[in-house]
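# Chain and residue survey
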Amino acid sequence: MSTLSYVNVFAKDIEALSGFYRDLFGFREIPEIHSPIFRGLDTGRSCIGFNALDAYELLKLEDHADTKGCKFLLNIDVDSKEEVDRFVPDAVAAGAILIKEPYTTYYNWYQAVLLDPEGNVFRINRMM
């Protein structure tokens, strides 16, 4: 059986961006994989990795990486609609930009859409 282990985010400042998600959601940093160009956070079900831009060269992606526009969407699930409502102002206070206020989707999830401090899209969800 296959599972998702990591989603990696290329970041201008891996320390600041990983700290944003760590502090906002209480994710545990994984010190065993800490390096000058990488930080990892344990989300409880999978992990989020933060790669410095130097990783483009390391991974041989420098000729293939188009860094313009939205390229992914992180979804952070919480336990209740009230937690969605509670996390949104905390995220904004920590440097996020609110794109869409919390709402109920047509598939009956409750979510808000935001940009993190580096402009990456993420949602705070309660899957019903």
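The structure under discussion appears in the preceding block.
Residues numbered from 1 in each chain as written. Predicted model: local features only at pLDDT ≥ 70, side-chain atom pairs only at ≥ 80, totals over all residues. Heavy atoms only, no water.

### Quick notes on the layout of surface pockets
Spelled out, the test is: Buriedness for pockets is judged along seven lines, at least five of which must meet protein on both sides within 12 Å for an open set on the 1 Å grid over protein atoms alone, while cavities are sets there where a 1.4 Å probe fits but cannot get out, and lining residues have an atom within 4 Å of a point. Grid points are joined across faces, edges and corners, and a volume is the space filled by probe spheres set on the points. Strands are runs of DSSP state E lasting at least two residues, helices are runs of H or I lasting at least four, and both sets are numbered from the N terminus onward. In the scheme used here, Gly and all other residues not listed as nonpolar or charged are polar, with Ala, Val, Leu, Ile, Met, Phe, Trp, Tyr, Cys and Pro taken as nonpolar and Asp, Glu, Lys and Arg as charged.
Empty space within the largest pocket amounts to approximately 610 Å³. As for the largest pocket, its lining consists of 21 residues, and the residues nearest its centre are Thr43, Arg45, Asn75, Ile76 and Asp77. If you list the elements that add at least two residues to the lining of the largest pocket, you get strand 4 (47–52), strand 5 (73–77), helix 3 (81–93) and strand 8 (121–127). Among the elements that make up the lining of the largest pocket, the one with the highest residue count is strand 5 (five residues). Taken together, the residues of the lining of the largest pocket break down into 12 nonpolar, four polar and five charged.

### Description of the environment of Pro102
Just so we agree on the cut-off: Note on contacts: a residue pair is in contact if any heavy atoms of the two residues lie within 4.5 Å.
Along the chain, the position of Pro102 falls in strand 6 (residues 97–104). Those residues in contact with Pro102, other than ones at most four positions away along the chain, are Val84, Asp85, Val88, Tyr110, Gln111 and Ala112.

### Comments concerning unusual backbone geometry
Glycine aside, residues mostly have negative phi, and peptide bonds are mostly found in the trans state. Put simply, the test is: Only protein chains enter the area calculation, which uses a 1.4 Å probe; residues under 20% of their type maximum are buried, those over 50% are exposed, and those in between are partly exposed.
Here Lys60, not a glycine, exhibits a phi torsion of approximately 60°, which is positive. Mapping Lys60 onto the fold places it in the loop between helix 2 (55–58) and strand 5. Taking the relative accessible area as the measure of exposure, Lys60 reaches 62% and is therefore exposed. The backbone of Asn108 sits at a positive phi, close to 70°, despite the residue not being glycine. As for its placement among the helices and strands, Asn108 is situated in the loop between strand 6 and strand 7 (109–115). Since its relative accessible area comes to 43%, Asn108 is described here as partly exposed.

### Details of helix 1 (residues 14–25)
Quick note on the threshold: By this rule, a helix spans an expected 1.5 Å times one less than how many residues it contains. Within 3.5 Å is the distance limit for a polar contact, defined as a pair of N or O atoms, with the added protein rule that one can donate a hydrogen and the other accept it, and that residues adjacent in sequence qualify only through two side-chain atoms.
For helix 1, with 12 residues, the first-to-last C-alpha span of 16 Å sits near the 16 Å given by 1.5 Å per residue. What helix 1 keeps buried is the set Ile14, Leu17, Ser18, Gly19, Phe20, Tyr21, Leu24 and Phe25. Residues of helix 1 that are buried sit in contact with strand 1 (6–11), strand 3 (38–42), strand 4, strand 5, helix 3 and strand 8. Where helix 1 starts, the residue carrying a side-chain oxygen 3.2 Å from the main-chain nitrogen of Glu15 turns out to be Asp13. The positive-phi residue at the C-terminal boundary of helix 1 is Gly26, with phi of around 75°.

### Description of the nonpolar core
Our working rule: Within this scheme, the nonpolar core is defined by two criteria: the residues are buried Ala, Val, Leu, Ile, Met, Phe, Trp, Tyr or Cys, and they are joined through side-chain atoms within 4.5 Å.
With 26 residues, the main nonpolar core has Tyr21, Phe25, Phe50, Phe122 and Ile124 as its most contacted residues. Elements that contribute at least two residues to this core include exactly strand 1, helix 1, strand 4, strand 5, helix 3, strand 7 and strand 8. Counting residues per element, this core draws most heavily on helix 1, which supplies six residues. In contact with Phe25, not counting residues within four places along its chain, are Ile76, Phe87, Phe122 and Ile124.

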